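Summary of structural features
Next come the chains, spelled out residue by residue.
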Amino acid sequence: MPLHTSHHSQSVARVKSLVHQMSPSSATNFTAEAVPQAAEDPLFGLVRAFRADQHPTKVDVSIGAYRGDNAKPWVLPVVKKADEILRNDPNLDHEYAPIAGIASFTSKAAELILGADSPAIQEKRITSVQTISGTGAVHLGALFLARFFPGTKKVYVSNPTWVNHHQIFSNVGVPVAQYPYFSKETKGLDFDGMKAAIAEAPERSIILLHACAHNPTGVDPTLDQWKELAVVLKEKNHFPFFDSAYQGFASGDLVKDSTAVRYFVEQGFETVIAQSFAKNFGLYGERAGCFHFVTSPAPDASETATRVASQLAILQRSEISNPPLYGARIVSTVLNDAQLFAEWEENLRTMAGRIIEMRKALRAKLEELGTPGTWNHITDQIGMFSFTGLTEAQVLKIREEAHVYMTKNGRISMAGLNSNNIDYFAKAVDKVVREVQ
């Protein structure tokens, strides 16, 4: 019996040895060397940390989403009305949208950014595709340019810019370079540096421009500066790529916030525009966006737009097939109804107005406290974000001591401030500026 047991054990050992020799060296093809652990997205990691923090006076000024004075998300009243209309429509179904999206949405989105009387629309020099919010629009534009742009396949973005710009273009093989934008000294626009860098870029480069409410700085060029930039871009035959994420949300005026885009189109530029409805409709999770290609005036401009549309459809089909319905239906319902549109404009003024008031209040409180430095940039900047000028060391300290959460570059979402926390926030900033250099 012991002999039999020994023989059995030896057989099992031999089988295990053979299996081991025949098996790959690892149980997975995707080892740590092949797929290293990626760092958590800094912004969403910050949100997760805030939610886990149990401190009673914690403040979140990190995420770029509107909050009311009660620190809670605000569903726009006009969105609630549009939702009610959709839910009570007996003809509504859940069939696929066309590859290019809902036409009643994309056509009105184009009118919103360019103006209903835009020559580009009247001359059929534009093609529009519904996308997965602004991110999807930037991606579709980057993918199209990577595939078809015959100029210098390098995109110049502002320093700093929305962090996702770098990843989106890099992922499709378009190298990213930077042009100066924010002046740490003035906490405003480094216009001379911006203009010089764009002038020095290789001819026919792609220049990415924030249409309004620059993220993350809140600093925009003036109209005269936009006009100067247009001259430089035209001299170098550069290709402007506009990212419009805050139309109507920045100033409360839809036309004013689209001035730069409209001016460039009026000047005959060929351009592309990534348009988001996340912020101005509060449809963050519904991913409603649009990508527009506008070609220059020419006898065959309409034919050019048609050709481009055919290729955009192929790119879209290979990635998402058909865009989602709900968010675009909400936006389309509002944009196609004069009464709802007017109410939406009022909702926009409410959001923009509250943020402007928070800017005034924060500046006043910091100046009242005698906080070292100048704070006029808080009210000079516009839109969702403010670049406070706080250093990374100060940001980390204010998070540790006061439980105030902002991105490490000192950017704050003004929507995170309200009448209940602004005193606490201002005092925390005052303390950290005095104590940490």
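Right, let's walk through the structure included here. Computed from a prediction, not measured in an experiment: that's the story for all the values here.

Reading the values: the criteria
Residues numbered from 1 in each chain as written. Predicted model: local features only at pLDDT ≥ 70, side-chain atom pairs only at ≥ 80, totals over all residues. Heavy atoms only, no water. Helix = DSSP H or I, 4+ residues; strand = E, 2+ residues; numbered from the N terminus. Buried < 20%, exposed > 50% of the residue type's maximum accessible area, 1.4 Å probe, protein only. Contact = heavy atoms within 4.5 Å. Areas by Shrake-Rupley, 256 points an atom, 1.4 Å probe, with all protein chains shown as cover. Core = buried A, V, L, I, M, F, W, Y, C linked by side-chain atoms within 4.5 Å. Pairing = 2+ DSSP bridges. Axes fitted to C-alpha atoms, helices over the stretch in contact; angles between N-to-C directions. Expected span 1.5 Å × (residues − 1). Parallel < 35°, antiparallel > 145°, perpendicular 65-115°, else oblique. Left-handed = near helix turned anticlockwise from the far one by under 90°. Salt bridge = Lys/Arg side-chain N within 4 Å of Asp/Glu carboxyl O. Phe/Tyr/Trp six-rings, centres within 6.5 Å; stacked < 30°, edge-to-face > 60°.

1. Considerations on the overall build of the protein
Tallying secondary structure elements over the protein gives 17 helices and 13 strands in all. C-alpha atoms of the protein, sized along the principal axes, occupy 95 × 60 × 55 Å. Sorting the 437 residues of the protein into buried and exposed places 50% on the buried side. Put simply, of all contacts in the protein between residues at least 6 apart along the chain, 76% involve residues at least 24 apart. Put simply, the protein shows about 21,100 Å² of open surface, and 54% of that area lies on carbon and sulfur atoms.

2. Comments concerning the nonpolar core
By size, the foremost hydrophobic cluster in this structure holds 61 residues, and its most contacted members are Phe-281, Trp-344, Leu-362, Val-404, Met-406 and Phe-425. The set of elements that each furnish at least two residues to this core consists of helix 3 (77-87), helix 4 (103-114), strand 10 (288-294), helix 13 (326-335), helix 14 (338-369), helix 16 (392-402) and helix 17 (422-435). Sorting elements by how many residues they give to this core places helix 14 first, with eight residues. Each residue touching Met-406, except ones within four places of it in the same chain, is listed here: Leu-46, Val-61, Ser-62, Leu-390, Val-395, Ile-398, Arg-399, Arg-411, Ile-412 and Phe-425. Val-232, Leu-233, Phe-242 and Phe-269 belong to the second largest nonpolar core, which has 35 residues in total.

3. Section: the sheet that holds strand 10
Reading across the sheet, the seven strands line up as 2-10-9-8-7-3-4 and stay open at both edges, with mixed pairing between neighbours. Of all the strands in the sheet, the pair left with one neighbour each is strand 2 (126-132) and strand 4 (176-180). Across this sheet, the average inter-strand angle for adjacent strands is 25 degrees, counted without regard to direction. Pairing of strand 3 (residues 155-159) with strand 4, which is carried by five bridges, proceeds in the parallel orientation. Directly across from Ser-158, in strand 4, lies its bridge partner Tyr-179. Along the sheet, helix 4 makes contact with strand 2, strand 8 (239-244), strand 9 (271-276) and strand 10, crossing strand 10 at roughly 70 degrees. Each of strand 2 and strand 10 touches helix 12 (residues 301-319); the most contacted strand, strand 2, lies at about 15 degrees to it.

4. Some thoughts on helix 9 (residues 223-235)
An α-helix turns once every 3.6 residues. As a result, residues three or four positions apart point the same way. Between its first and last C-alpha atoms helix 9 spans 19 Å; for 13 residues at 1.5 Å apiece the expected length is 18 Å, and the two agree. The secondary structure elements touched by the buried residues of helix 9 are strand 6 (188-189), helix 8 (191-200), strand 7 (206-210), strand 8 and helix 10 (259-266). Directly after helix 9, the chain includes Asn-237, whose backbone phi takes a positive value near 55 degrees.

5. Thoughts on the packing of helix 8 against helix 9
Close contact between helix 8 and helix 9 brings their axes to 9 Å; oriented N to C, the two are set at 15 degrees. Considering the angle they form, helix 8 stands roughly parallel to helix 9. Classified by chirality, the crossing of helix 9 by helix 8 is right-handed. Side by side, helix 8 and helix 9 meet where Phe-191, Met-194, Lys-195, Ile-198 and Ala-199 of the first sit next to Gln-225, Glu-228, Leu-229, Val-232 and Leu-233 of the second.

6. Description of the pattern of salt bridges
The final tally for this structure, using the stated rule, is 17 salt bridges. Glu-367 is the partner of Arg-363 in a salt bridge, and the nearest nitrogen-oxygen pair spans 2.9 Å. Taken together, the residues Arg-363 and Glu-367, both in helix 14 and four residues apart, mark about one turn of the helix. Residue Glu-401 pairs with Lys-431 through a salt bridge whose shortest N-O separation is 3.0 Å. One end of the pair, Glu-401, is in helix 16; the other, Lys-431, is in helix 17, with 30 residues separating them in the sequence. Because the salt bridges share partners, they merge into one network encompassing Lys-397, Glu-401, Lys-431 and Glu-435.

7. Focus: the packing of aromatic side chains
Using the criterion set out here, one finds 19 aromatic pairs in the structure. Between Phe-264 and Phe-269 the ring centres are 4.9 Å apart and the planes differ by 35 degrees, which places this aromatic pair in the tilted class. As far as the burial class goes, Phe-264 and Phe-269 line up, both buried. Among the aromatic residues, ring-to-ring pairing joins Tyr-66, Trp-74, Tyr-246, Phe-249 and Phe-385 into one connected group.

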